[in-house]
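Okay, here's what each chain looks like letter by letter:
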Amino acid sequence: MRIVTVDHLTKIYGHRFNRIGALNDLSFHIDAGEFVGIMGPSGAGKSTLLNIIASIDTPTTGSVWVGGIDLTQLNDAALAKYRREQVGFIFQELNLLSDLTVASNITLPLTFVPPAPSDIEARLAHVADLLDLTGLLARYPTELSLGQRQRVAAARALITQPALILADEPTGSLDSMAATELLSYLTKLNLEEDRTIMMVTHDAFTASFCNRIIFIRDGAYFAEVTRSGSRQAFFDQIIDMEATINGGGKRRETPRVD
Amino acid sequence: MRHLAWTNLKRHRHSTLIGAVAAGVLIALAYAVGALIDMRPLMHATGSVLEDSRLMPAVMTLAWILLLIFIVAFLIYLNTLLLARRTEELDMYRLLGMPSSRLGGVLIWEALMTGAAALVIGLVGGVLLSKLLAMALVRLMGFQTAIGIQWSLQIAGQLIGLFLLVYLIVGAVNAAFVRTLGHQRGRRAEAQHLPPRLSGWQVVLACAGMLLVGWSAIGTGNYFAWVRPLRQLTGLPGWGQLGLLTFCGILGTYLVFRQSLPAAAFLLARWRVVRRHAKWLLAANTLYQRWRRDHFALWLITLLSTLTIAVLGSAAMLLQLGQREVENSMPLPITASVSNDALVEKKAAGLITRQAKVTTKRMVGKTTLRRQGRDDTTTTLYQVMRLSDYQRIRQWQPNLPALQVAPGQAALVLSDPAFLRRGPAQRLVNAGRQITFPADGRTLAISDLTTAFPLGSAIYFDRGLVVADSDFEAMRGVNDPLAIYWLKETAAGHRVEQQLDDQTQIDYVRYDQAVRKGSKLPTMTKDTDDSFSRSGLNVRRPMARAVDTLFGFAVFITLLMGGAVLVATACILLLKQVTHAQGRAPVRRVLWQLGMPTSQLTGVAYVSTFGVYLAPLVFASLNAFVIVHFIASATAGQTGGLVLVVWAIYSLVDLAFAWLAAQLTDRYG
């Protein structure tokens, strides 16, 4: 089942005499249950693409369909409902509210429009168990490590049981151990909970946890790589494609990923 | 340096604009008051009514000086507030290597530029405001004088010199502050992200705050029977108890803002129902942060608002009291005793449209009355009046109540309302008591009591008595005829009234031991130690005008000062609110990104903003009500009507500022 369809998407910033194209006639689709990575050089338009799919930004032309809904046709209220119910967003900056406990941070999206669902406690217990946060629910974000905070952000994105999880450089501010831990949790979500995940990253190691990578350059579709064998082989494929996209043909020495 | 200063001002344009406009409004007020003092025709006109040409300019000058001191204090506080929110930015300049002397220079330029903007706003606004203020003063004092726009170069020059100096000093203080920045860096970073906490001690202090405020209010107002013994436990005299209660109120209010309100918000945010509604949860958390962080400013604003509402309320109450006093003491145009009849008839020859005579009798009487739970026996001078004369006077003086007096009975007229207390079934406690007259040994039963004197209290020596006509004829007293005059409502009539008012005519009556025993009758005498006195000639219009002028002036001064305090406190809250909103903008964006509807985000902004504004208003209103009620009990005033109107206007203006702040919070957030 097709969950995301990006159709001839273009985004231009600036005014008439100083136009900067962030996305240029980009088209692709994502099926339900996929774990898709978006890669590309800096300024390729990765975050712009994610923001448009999250309805945080609007396209100049083209359209985005998520779960059969054309986002460009929705009004402000409907877009807020879409962000609240259809999408879970994991921000690079975490964006946790420091004056709310971990539990309140996670359940926040469920309480935006009353009445809150009756199974809110059960949902909280489930995501806390899934992301190993059960013992941290009464704490405040400032009392957690960076890796734990990122898991809280992931739990907040998950609790609404969205059709699509969007992650913008989720490991960008984590050390390698915390990053691996988070990616393992995302993989678990994808495999065990059958969640569709779309993750923007510039890091090949992070991308190797996905099962398909879409490369974009200068805002346009460039290529894609699909995992067919081991993660190590997939990592090598990603590195090769990165070299190609950056204009270099020489293959680099690669670390082991397993 | 100037360029960087200008860039900084533009970066902080919202707070700069609010600060400059607030300072401008206050400077405009200062200019307008200064210009009023310079308005010689107006000062001359008030002097003629108040019988002292120096009184009004002196009081106005005092008010002006107080206003200037208040404005300078406000500007210094405002500067502290603005600077505290810029420490990170200034710290960054220092970290990037900008010399402290250069950064100090930038801050001085910023202060001078802001000061210049405030002065321009203030002087332009002041010229316009001076006319409005003068019109308000003229109306409140009941004059008819033409008022134009007032341009006073002298006042403008004084204000420019003063405020440029103040802004220069403020800039210099800021420049000195820059040198201390590095020492505070670590502590500041720690203090910024403290999560909400509530310890056992905080709960104790929170409860103590509420108890102190409650006790201060109940103790000052003496609202319950058990309060007096508790107050006396301290062993302090009355004023000492009052001082202690005031201290309890001030300390309690501080604790309320420091502990009680944040604790309430903390507990609210943990309530299951609130946790399930993001709007209320976020508003409770915002209020916790605001009340906790700004407790000192909110406490200060509450004290200033208390003072303002109490002073405005008391002024309104005293104005009502003054007007009621005129109504009670001189309800008719002219009343005169027999010794002044000839004077009135001579001066007002040809201008009298109507006149009437009423004969009263002066007698000494003895009675025992109950007051505040105790029986009190008094022998004093009574002016006795026929019931038929009383009925006749009621036609001209409609505020007189209908009295039930049968032969052998008397209705007592006295000034202290405490004697009119009613018991079960609304029966007067003092009804049925006896009054005895030593001169003829007669005894009458008191059937009714009132504080409304027929012909006005000014024409009485002490108490009045209304008796049945048959009793009046039989009573042995000295006849005391009184006359009432109505003059033509023309300029000549008014002029004669003014001339008559200038003639001070005091009647004295002997009240020695023999008179008290009844062996002699109370006859007219010269002023001695043993005598009663009254005003023998009472003219209503000049007295009413003097009261209107005096109280109108008092109301004007209190409105002026109250307005200045209101603008200052509301602007401080507005500025804090906008700064807070700007700081919370990223959180608001996150909430929007997570799918919180815009209406709910607006709801959070409104609930939290009104919470911040309402807390000082509620506590200030409570404190002010207690103060006004206390003043009312001490002066026999009444805390209704105009006091409520003044409070409602103050609250509406405050809530208008709250609405504006909520709008800005919603927009800038």
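Residues numbered from 1 in each chain as written. Chains lettered and ligands numbered in written order. Predicted model: local features only at pLDDT ≥ 70, side-chain atom pairs only at ≥ 80, totals over all residues. Heavy atoms only, no water.

The name given to chain B in an unreviewed UniProt entry is FtsX-like permease family protein, with the source organism recorded as Lacticaseibacillus mingshuiensis. As stated in UniProt under Subcellular location (unreviewed entry), the record for chain B gives "Cell membrane". (UniProt positions renumbered as here; feature names shortened; annotations may be inferred.)

Looking up chain A in an unreviewed UniProt entry gives the name ABC transporter ATP-binding protein, with the organism given as Lacticaseibacillus mingshuiensis.

Each helix and strand counted, chain B has 22 helices and twelve strands in total. Of all 669 residues assigned to chain B, the portion counted as buried reaches 50%. Of the side chains in chain B, 65 bear a positive and 36 a negative charge, and the two mean positions are spaced by 14 Å. (Helix = DSSP H or I, 4+ residues; strand = E, 2+ residues; numbered from the N terminus. Buried < 20%, exposed > 50% of the residue type's maximum accessible area, 1.4 Å probe, protein only. Lys, Arg positive; Asp, Glu negative; His and termini not counted. Charge placed at Lys NZ, Arg CZ, Asp CG, Glu CD.)

Here we come to the overall build of chain A. A count of helices and strands for chain A gives eight helices and ten strands. Taking 18 Å as the expected radius of gyration for a compact globule of 258 residues, we find that chain A reaches 18 Å, a close match to that expectation. Along the first, second and third principal axes, the C-alpha set of chain A runs to 50 × 45 × 35 Å. Pairs at least 24 apart in sequence give 68% of the contacts found in chain A among residues at least 6 apart. (Rg over C-alpha atoms; globule rule 2.2 N^0.38 Å. Contact = heavy atoms within 4.5 Å.)

Residue and element names in this part refer to chain B. Overall, antiparallel pairing links the three strands, which are arranged β10-β9-β11 in an open sheet. Each edge of the open sheet is held by one strand with a lone partner, namely β10 (524-525) and β11 (531-535). Relative to β11, strand β9 (residues 506-510) runs antiparallel, the two sharing five bridges. Bridging from a neighbouring strand, Val509 pairs with Phe532 of β11. (Pairing = 2+ DSSP bridges.)

On to empty space enclosed by the protein. Residue and element names in this part refer to chain B. Here the structure, examined in full by the defined rule, presents four cavities of 30 Å³ or more. Volume-wise, the largest cavity comes out at about 200 Å³. Taken together, 16 residues make up the lining of the largest cavity; nearest its centre are Thr286, Arg584, Arg588, Val604 and Ala605. Only α13 (278-293), α20 (540-593) and α21 (598-635) provide two or more residues apiece to the lining of the largest cavity. (1 Å grid on protein atoms, 1.4 Å probe; cavity = no way out; pocket = protein on both sides within 12 Å on 5 of 7 lines; lining within 4 Å. Points joined across faces, edges and corners; volume = space filled by probe spheres on them.)

Here we come to the packing of aromatic side chains. Residue and element names in this part refer to chain B. Enumeration according to the criterion identifies twelve aromatic pairs over all chains in this entry. Geometrically, the ring pair formed by Tyr254 and Trp299 is edge-to-face, given 5.4 Å between the ring centres and 85° between the ring planes. One end of the pair, Tyr254, is in helix α11 (residues 238-270); the other, Trp299, is in helix α14 (residues 295-329), with 45 residues separating them in the sequence. The exposure class of Trp299 is buried, given its relative accessible area of 14%. Considering the side-chain rings of Phe453 and Tyr460, the 4.9 Å spacing of their centres and the 65° angle between planes classify their relative orientation as edge-to-face. On the accessibility criterion, Phe453 (2% relative accessible area) is buried. (Phe/Tyr/Trp six-rings, centres within 6.5 Å; stacked < 30°, edge-to-face > 60°.)

Here we come to the nonpolar core. Ranked by internal contacts, the top residues of the largest apolar core, which has 81 residues, are B:Leu36, B:Met60, B:Phe74 and B:Leu159. A per-element tally of this core places α20(B) first, with 15 residues. In this structure, A:Val102, A:Met199, A:Ala223 and A:Phe234 belong to the second largest nonpolar core, which totals 53 residues. (Core = buried A, V, L, I, M, F, W, Y, C linked by side-chain atoms within 4.5 Å.)

Residue and element names in this part refer to chain B. Within the secondary structure, Thr306 sits in helix α14. In terms of polar contacts, Thr306 uses its side chain to reach the backbone carbonyl oxygen of Thr302, at 2.7 Å. If near-sequence neighbours (up to four positions away) are discounted, Thr306 is found in contact with Ala620, Asn623, Ala624 and Ile627. (Polar contact = N/O pair within 3.5 Å; in protein donor to acceptor, adjacent residues only side chain to side chain.)

On to the interface of chain A and chain B, then. With 27 residues of chain A in contact, the opposing surface of chain B contributes 27 residues. For the pair chain A and chain B, the two sides together bury roughly 2400 Å², of which 59% comes from carbon and sulfur. For the chain A face of the interface with chain B, the top three residues by lost area are A:Arg83, A:Asp99 and A:Phe112, together amounting to 26%. At the surface where chain A touches chain B, the tally comes to three salt bridges. We note a salt bridge from B:Arg272 to A:Glu121, for which the minimum N-O separation is 3.8 Å. The tally of links between chain A and chain B comes to six residue pairs in polar contact (both at pLDDT 80 or more). (Buried area = accessible area lost by both parts, 1.4 Å probe. Salt bridge = Lys/Arg side-chain N within 4 Å of Asp/Glu carboxyl O.)

Turning next to the domain arrangement of chain B. By the assigned domains, chain B splits into domain 1 (1-192) and domain 2 (334-541). Computed from C-alpha coordinates alone, the two centres of domain 1 of chain B and domain 2 of chain B are separated by 57 Å. (Domains from an automatic or database assignment.)

Residue and element names in this part refer to chain A. Spatially, the six strands line up as an open sheet ordered β6-β7-β8-β3-β9-β10, and their pairing is mixed. With one partner strand each, in any of the chains shown, β6 (87-90) and β10 (220-226) form the two edges of the open sheet. Shown here is a sheet whose adjacent strand axes are inclined to one another by a mean of 20°, direction ignored. Taken together, the four bridges between strand β3 (residues 35-39) and strand β9 (residues 212-217) define a ladder with parallel strand orientation. Bridge pairing links Val36 to Arg212 in β9. Contacting β3, β6, β7 (164-168) and β8 (196-200), helix α6 (residues 176-192) runs over the sheet at an angle of about 150° to β8. (Axes fitted to C-alpha atoms, helices over the stretch in contact; angles between N-to-C directions.)

With that settled, the discussion passes to the environment of A:Thr48. All names here are of chain A. Looking at the element boundaries, Thr48 is found in helix α1 (residues 46-53). In this structure, the C-alpha to C-alpha distance between Thr48 and Ala22, residues 26 residues apart in sequence, is 7.0 Å. Excluding residues within four positions of it along the chain, Thr48 makes contact with Lys11, Tyr13, Ala22, Leu23 and Asp57.

Residue and element names in this part refer to chain B. One ladder, built from five bridges, connects strand β4 (residues 409-413) with strand β6 (residues 442-450); its direction is parallel. Of the residues in β6, the one forming a bridge with Ala410 is Ile446. The pairing of strand β5 (residues 434-437) with β6 spans four bridges and is antiparallel. Note that in β6 the partner of Phe437 across the bridge is Arg442.

Two quantities define a packed helix pair, namely the angle between the helix axes and the distance between the axes. All names here are of chain A. Put simply, helix α5 (residues 146-158) and α6 touch, their axes get as near as 9 Å, and they point 20° apart. Looking at the two axes, α5 sits roughly parallel to α6. Considering how the two elements wind past one another, α5 and α6 form a crossing that is right-handed. Here α5 contributes Gly147, Gln150, Arg151, Ala154 and Leu158 to the contact with α6, which in turn contributes Ala178, Glu181, Leu182, Tyr185 and Leu189. Looking at the contact of α5 with α6, its residues break down into six nonpolar, two polar and two charged. (Parallel < 35°, antiparallel > 145°, perpendicular 65-115°, else oblique. Left-handed = near helix turned anticlockwise from the far one by under 90°. Nonpolar A, V, L, I, M, F, W, Y, C, P; charged D, E, K, R; others polar.)

So, on to helix α5 (residues 87-95) of chain B. If you check which residues of α5(B) are buried, you get B:Thr87, B:Glu89, B:Leu90, B:Asp91 and B:Tyr93. Taken from the residues just after α5(B), B:Gly97 is the one with a positive phi, measuring 100°.

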